[in-house]
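Residues per chain, in single letters:
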Amino acid sequence: MKKIKLKKILILVLWITVASGIIGLLSFVSVEGKAVKGKSINVIVTNESENSFVSETDIVEFLNQRNDSLVNQKMKDMDVNGIEKSLNAHPAISNADVSVDVNGNAEIKITQRKPVVRIMNYFGESYYIDDEAGLMPISENYTARVPVANGL
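Residues numbered from 1 in each chain as written. Predicted model: local features only at pLDDT ≥ 70, side-chain atom pairs only at ≥ 80, totals over all residues. Heavy atoms only, no water.

Draft legend 1. Layout of helix 3 (residues 80–88). Buried within helix 3 we find Ile83, Ser86 and Leu87. Axial view of helix 3: buried residues confined to an arc of 100°, hence all on one face. Residues of helix 3 that are exposed and point over 90 degrees away from its buried face: Asn81 and Lys85. Along its buried surface, helix 3 packs onto helix 2 (56–65), strand 2 (93–100) and strand 3 (105–112). (Buried < 20%, exposed > 50% of the residue type's maximum accessible area, 1.4 Å probe, protein only. Helix = DSSP H or I, 4+ residues; strand = E, 2+ residues; numbered from the N terminus. Arc of directions from axis to C-beta. Contact = heavy atoms within 4.5 Å.)

Written out as structure tokens, the structure reads:
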């Protein structure tokens, strides 16, 4: 009877030791991870061969204008969701995914909107309509090769 109780106590102590060790390691990793600073930004524009409404330099410039730098900033201070939301609000971007790895390297994947037709109305306004029926402003960098509709 004593052997059984002693064995149960040893197993319980072993499990408590293992659990506390795991918790200690996880808390150490969490603290160390928050101290890592951003090192680089890698921008990937997925359909750049079809359209060139935005480029890597445009994205970096857009982030700099908003003071959303990911380089030399601690991971705990990075607002990855906010940056993703601001990029998704950009008129030429269909979807943006922002991620930061444990080494501090940021990756931004951009999918551009695809214009289907360019509208030039009677009042001199000009804009695109994309494949999701959304309005896109004209770009200073690129003119898409799409049909033009003017309604005159």
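Draft legend 2. Structural view of the sheet that holds strand 4 (residues 115–120). Ordered by their spatial adjacency, four strands build an open sheet running 6-5-4-7, and the pairing between neighbours is mixed. Only two strands of the sheet have a single partner each, and these edge strands are strand 6 (135–137) and strand 7 (148–149). The sheet contact formed by strand 5 (residues 126–130) and strand 6 spans three bridges and is antiparallel. Bridge assignment links Ile129 to a residue of strand 6, and that residue is Leu135. (Pairing = 2+ DSSP bridges.)

Draft legend 3. Region of the structure containing the sheet that holds strand 2. The mixed open sheet is built from three strands, whose spatial order is 1-3-2. Only two strands of the sheet have a single neighbouring strand rather than two, namely strand 1 (40–45) and strand 2. Neighbour-to-neighbour, the strand axes of the sheet open up by a mean angle of 15°, direction not taken into account. Contacting strand 1, strand 2 and strand 3, helix 2 runs over the sheet at an angle of about 130° to strand 1. Packing against the sheet, helix 3 makes contact with strand 2 and strand 3, and its axis sits at approximately 165° to strand 2. (Axes fitted to C-alpha atoms, helices over the stretch in contact; angles between N-to-C directions.)

Draft legend 4. Quick peek at the nonpolar core. One finds Phe53, Ile59, Leu87, Ile93, Ile108 and Ile110 to be the most contacted residues of the largest nonpolar core, which totals 23 residues. Those elements giving two or more residues to this core turn out to be strand 1, helix 2, helix 3, strand 2 and strand 3. (Core = buried A, V, L, I, M, F, W, Y, C linked by side-chain atoms within 4.5 Å.)

Draft legend 5. Region of the structure containing the environment of Met120. Along the chain, Met120 falls in strand 4. Of the residues examined, Met120 reaches a relative accessible area of 37% and is grouped as partly exposed. Considered as a pair, Met120 and Gly151 are 31 residues apart in the sequence and their alpha carbons are 7.9 Å apart. Residues contacting Met120, with those up to four places away along its chain left out, are Glu125, Ser126, Val148, Ala149 and Asn150.

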